[in-house]
Amino acid sequence: MANACEFFTPSVPRLRLRRRIQSPIEIYRTGFRSPEGFSLRVFCSNTTQGSDKFASGSGASSSKSRAPRLVSQGCKLVGCGSAVPTLKVSNDDLAKIVDTSDEWISVRTGIHNRRVISGKDSLTTLAVEAARKALQMAQVDPDDVDLVLMCTSTPEDLFGSAPQVQKALECKSNPLAYDITAACSGFVLGLVSAACHIRGAGFQNVLVIGADALSQYVDWTDRGTCILFGDAAGAVLVQACDGEEDGLFGFDLHSDGDGQRHLNATIKENEMDNALGSNGSVSDFPPKRSSYSCIKMNGNEVFRFAVRSVPQSIESALEKAGLPVSSIDWLLLHQANQRIIDAVATRLEVPPERVISNLANYGNTSAASIPLALDEAVRNGKVKAGHTIAAAGFGAGLTWGSAIVRWG
């Protein structure tokens, strides 16, 4: 993730930020805390988890020498929206193409249906629809958006889909728009990135969109993976506010590249290019065309990783926020598998009635799953202004992270 605290734009002078500073914040590797204890302020971090491994190398000295940044501006979640494709694929539909059944799938995953992009649907149109709904709820005009963060691992353009979303929203001020690739953890990373842009650069309105179309990378003959994934988009409008109104209390983010072998969709060479040869040119040139393979997953290992790492991450974020687990109104996890959701809730001792889940209707929608579930919970009246939510994403990379937020 880019160090968003380093970014300043000409439209937001540094002097303006200095005048806003009221009281200092201590900066830790992950999470937030003020000198007074439980925080009315939130900060962003300049160092990354795991840097201690490189303490003896040249790379660590520069990050450790950075002076703490002083911030006083808070941020809050003020609008949400979501969109799903028209095509619904049920477990019974899948049973027609692979050896499975509704009972087999639902017992093991909790999933009954999923949505799949087809026809006129596209990832960009879904993202735009979700973003517009979030802006409408927040009563923010597209021209007032300062930044669009598109959290996706399946962009429709190699160079990113965020600018096309910005274009479709008709943001006339041409705000910055870029993609964040972190699979199922992407939306949580997007929230933290939005906070860093608001606190470190004075942005006012940041759209965080989680959108993925993993159906395009599923092997529909593999019943171990094709039953899990669906397509969707969800969005949240994160807005600057006074520190006293701050709604992002703490966070905790991690990666472990060693776990990539358990969940990946790697690049593979085009077999036709191998058949054509190089026509006597320099060996291995020109480069062979490549494409991504279908999703490959070791389900047992991913399950063990999630039920071990996610509770630890949430507890760490709560500790940095100065909050007990009992203060959580809602537990909102990445919607990967109902067994994972139940296991994490049990370890945290969060009762089922305080767990948000819509997995049964949509399956695993990757970066879209958290904002999609949040939007439904807000619009049906379950999540209300002032409620505290512990959100956590986990998935390919491996990556995982959590954020303690207040809605509204």
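Going by the structure above, here's the rest.
Here's a quick rundown of the structure. (Residues numbered from 1 in each chain as written. Predicted model: local features only at pLDDT ≥ 70, side-chain atom pairs only at ≥ 80, totals over all residues. Heavy atoms only, no water.)

1. Focus on empty space enclosed by the protein
So, point 1. All told, the structure shown has one cavity of 30 Å³ or more when counted by the stated rule.
So, point 2. Roughly 60 Å³ of volume is contained in the largest cavity.
So, point 3. Taken together, Leu77, Phe187, Leu191, Val236, Leu332, Ile370, Leu374, Ile389, Ala391 and Val405 make up the full set of residues lining the largest cavity.
So, point 4. For the lining of the largest cavity, the secondary-structure elements that each account for two or more residues are helix 7 (186-201), helix 12 (369-379) and strand 15 (388-395).
So, point 5. Looking at the lining of the largest cavity residue by residue, the classes come out as ten nonpolar, no polar and no charged. (1 Å grid on protein atoms, 1.4 Å probe; cavity = no way out; pocket = protein on both sides within 12 Å on 5 of 7 lines; lining within 4 Å. Points joined across faces, edges and corners; volume = space filled by probe spheres on them. Helix = DSSP H or I, 4+ residues; strand = E, 2+ residues; numbered from the N terminus. Nonpolar A, V, L, I, M, F, W, Y, C, P; charged D, E, K, R; others polar.)

2. Re a negative patch on the surface
So, point 1. On the surface, a cluster of negative charge is made up of Asp141, Asp143, Asp144 and Glu170.
So, point 2. Relative to the helices and strands, Asp144 resides in the loop between helix 5 (123-138) and strand 4 (147-151).
So, point 3. Relative accessible area serves as the criterion here: at 43%, Asp144 is assigned to the partly exposed category. (Patch = residues over 30% accessible without salt bridge, like charges linked within 9 Å, V, L, I, M, F, W, Y side chains within 5 Å. Areas by Shrake-Rupley, 256 points an atom, 1.4 Å probe, with all protein chains shown as cover. Salt bridge = Lys/Arg side-chain N within 4 Å of Asp/Glu carboxyl O. Lys, Arg positive; Asp, Glu negative; His and termini not counted. Charge placed at Lys NZ, Arg CZ, Asp CG, Glu CD. Buried < 20%, exposed > 50% of the residue type's maximum accessible area, 1.4 Å probe, protein only.)

3. What about helix 4 (residues 102-109)?
In an α-helix, one turn spans 3.6 residues, which is why side chains three or four residues apart end up on the same side.
So, point 1. Residues of helix 4 that are buried include every one of Ile105, Ser106 and Thr109, and no others. Taken around the axis of helix 4, the buried residues stretch over an arc of 95 degrees, which confines them to a single face.
So, point 2. Just beyond helix 4, the residue with positive phi is Gly110, at close to 85 degrees. (Arc of directions from axis to C-beta.)

4. Comments concerning the packing of aromatic side chains
So, point 1. Per the counting criterion, the structure on display carries two aromatic pairs.
So, point 2. The interplanar angle of 80 degrees and the centroid separation of 6.4 Å between the aromatic rings of Tyr217 and Tyr292 together place this pair among those described as edge-to-face. Highlighted residues: Tyr217 in the loop between strand 6 (205-213) and strand 7 (231-241) and Tyr292 in strand 11 (residues 290-292), separated in sequence by 75 residues.
So, point 3. Ring geometry for Phe305 versus Trp400: centroids 5.4 Å apart, planes at 75 degrees, classification edge-to-face. Highlighted residues: Phe305 in helix 9 (residues 299-321) and Trp400 in strand 16 (residues 399-406), separated in sequence by 95 residues. (Phe/Tyr/Trp six-rings, centres within 6.5 Å; stacked < 30°, edge-to-face > 60°.)

5. Points about the pattern of salt bridges
So, point 1. Under the defined criterion, the tally for this structure stands at seven salt bridges.
So, point 2. Where Lys320 meets Asp252, a salt bridge forms, and the shortest distance between an N and an O atom there is 3.4 Å. In this pair, Lys320 sits in helix 9 while Asp252 sits in strand 8 (residues 248-255), placing the two residues 68 residues apart along the sequence.
So, point 3. According to the relative accessible area criterion, Lys320 is buried, its value standing at 17%.
So, point 4. Exposure remark for Asp252: the relative accessible area of 3% places this residue in the buried category.
So, point 5. Salt-bridge contacts for Arg379 lead to Asp375; the nearest nitrogen and oxygen are separated by 2.6 Å. Within this pair, Arg379 and its partner Asp375 are both found in helix 12, separated by four residues, close to a single helical turn.

6. Things to note about the sheet that holds strand 16
In a beta sheet, neighbouring strands are held together by backbone hydrogen bonds and run either parallel or antiparallel to one another.
So, point 1. Pairing is mixed in the open sheet, where five strands are placed in the order 8-16-15-13-14. Unpaired on one side and paired on the other, strand 8 and strand 14 (355-356) mark the two borders of the sheet.
So, point 2. Taken together, the seven bridges between strand 8 and strand 16 define a ladder with antiparallel strand orientation. Bridge pairing in strand 16 links Gly250 to Ile404.
So, point 3. Each of strand 8, strand 15 and strand 16 is contacted by helix 7, which is oriented at about 125 degrees to strand 8, the strand it contacts most.
So, point 4. Most of the contacts of helix 10 (residues 338-348) go to strand 13 (residues 330-333), to which it runs at about 140 degrees, and overall it touches strand 13, strand 14 and strand 15. (Pairing = 2+ DSSP bridges. Contact = heavy atoms within 4.5 Å. Axes fitted to C-alpha atoms, helices over the stretch in contact; angles between N-to-C directions.)

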